[in-house]
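Descriptive analysis of the structure
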Amino acid sequence: MRRIFLLFLIAFACQSSGLGQSNAIASFMEEHGEGKKYYVYQSVMRILNVKGDPDFNHMIKDVRRIIVHQPNVVNDSTGVQKTAIRQLIRQLEGEGFEPLIEARESNMRITFFSRGAIDRAEFVLVMRDHDKAYVAEVEGTLNMEYIGALANADISELTDYLK
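Read on for an overview of the structure. Keep in mind it's a predicted model, so treat the numbers as computed, not measured.

This part is about the pairing of strand β6 (residues 133-140). The element β6 is extensively covered by neighbouring structure, given that six of its eight residues are classed as buried. As judged from the six bridges shared by strand β2 (residues 63-70) and β6, these two strands associate in the antiparallel manner. Residue pairing for β6: Val 63 is matched across the bridge by Gly 140. In this structure, the hairpin formed by strand β5 (residues 122-128) and β6 is closed by a connection of four residues.

Have a look at this one:
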């Protein structure tokens, strides 16, 4: 009986941990191909904090990792990448994600989404430039009290690291 209960508990835990993943991202990766996938942990996230802002470390303290997808989306004369990214953004918004921050850094356009209650929100980051796109899912949560620290983060450090 204990084994059955333990098996049920493990199955439920696996099922509930998978509920947080966005269906829009999963279908986007399926449609366009996964390409490359990176796992970014706190030690690597800290390279974004080039100014040494202590608030940045407070903001990411509850983040386990960030899963960065680099889909096989290419830009051509028909603007395939722009169309695909716009469609992904519409699907994310349809799932209840709201744009929290929109920014540009050199040629990179960045949209940061959140969904859910502030203390346990889910976060997704969509980054794109003229030839590449990245979609990042945050596992864990950001301390929103320190979200202003993102203004000092250098996103190009992460994209350079991924290249």
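We now examine the nonpolar core. Counting 25 residues, the largest nonpolar core has Phe 56, Ile 60, Val 63, Ile 66, Val 68, Phe 123 and Leu 142 as the members making the most contacts within it. Broken down by secondary-structure element, the contributors of at least two residues to this core are β1 (36-40), α3 (42-45), α4 (54-59), β2, β4 (108-115), β5 and β6. Not counting residues up to four positions away in its chain, the partners in contact with Ile 66 are Tyr 38, Tyr 39, Val 40, Met 45, Ala 136, Glu 137 and Val 138.

In this section: helix α2 (residues 23-32). When we look at burial in α2, the residues that qualify are Ala 24, Ile 25, Phe 28, Met 29 and His 32. In a view along the axis of α2, the buried residues occupy a sector of 130°, so they form one face of it. Facing away from the buried side of α2, by more than 90 degrees, are the exposed residues Asn 23, Glu 30 and Glu 31. The backbone nitrogen of Ala 24 lies 3.2 Å from a side-chain oxygen of the residue at the head of α2, namely Ser 22. In the stretch just after α2, Gly 33 is the one whose phi turns positive, near 90°.

Time to look at the side chain of His 32. Residue placement: His 32 occurs in helix α2. Excluding residues that lie within four positions of it along the chain, His 32 makes contacts with Asn 72, Val 73 and Ala 84.

A few words on the pattern of salt bridges. Considering all chains together, one arrives at four salt bridges under this definition. For Glu 139, the salt bridge is made with Arg 65, and the minimal N-O distance between the two is 2.8 Å. Of this pair, Glu 139 sits in strand β6 while Arg 65 is found in strand β2, placing the two residues 74 residues apart along the sequence. The class for Arg 65 is partly exposed, based on a relative accessible area of 22%. Close ionic contact of Glu 95 with Arg 115 constitutes a salt bridge, the shortest N to O distance being 3.8 Å.

Moving on, we get to the sheet that holds β1. Consider a sheet: its strands pair through backbone hydrogen bonds, and that pairing is either parallel or antiparallel. Strand order across the open sheet formed by six strands is β1-β2-β6-β5-β4-β3, with antiparallel pairing between neighbours. Edge positions in the open sheet fall to β1 and β3 (98-105), since each of these has one partner strand only. Strand after strand, the sheet turns through a mean of 15° between neighbouring axes, direction not considered. Docked against the sheet, α2 engages β2, β5 and β6, running at close to 145° with respect to β6.

So, on to the environment of Gly 96. Relative to the helices and strands, Gly 96 is located in the loop between α5 (80-94) and β3. Residue Gly 96 is classed as partly exposed on the basis of its relative accessible area of 35%. Each C-alpha atom, one on Gly 96 and one on Phe 113, is 9.5 Å from the other, the two residues being 17 residues apart in sequence. Excluding its chain neighbours within four sequence positions, the residues that come into contact with Gly 96 are Ser 114 and Arg 115.

Parameters at a glance
- Residues numbered from 1 in each chain as written.
- Predicted model: local features only at pLDDT ≥ 70, side-chain atom pairs only at ≥ 80, totals over all residues.
- Heavy atoms only, no water.
- Buried < 20%, exposed > 50% of the residue type's maximum accessible area, 1.4 Å probe, protein only.
- Helix = DSSP H or I, 4+ residues; strand = E, 2+ residues; numbered from the N terminus.
- Pairing = 2+ DSSP bridges.
- Core = buried A, V, L, I, M, F, W, Y, C linked by side-chain atoms within 4.5 Å.
- Contact = heavy atoms within 4.5 Å.
- Arc of directions from axis to C-beta.
- Polar contact = N/O pair within 3.5 Å; in protein donor to acceptor, adjacent residues only side chain to side chain.
- Salt bridge = Lys/Arg side-chain N within 4 Å of Asp/Glu carboxyl O.
- Axes fitted to C-alpha atoms, helices over the stretch in contact; angles between N-to-C directions.

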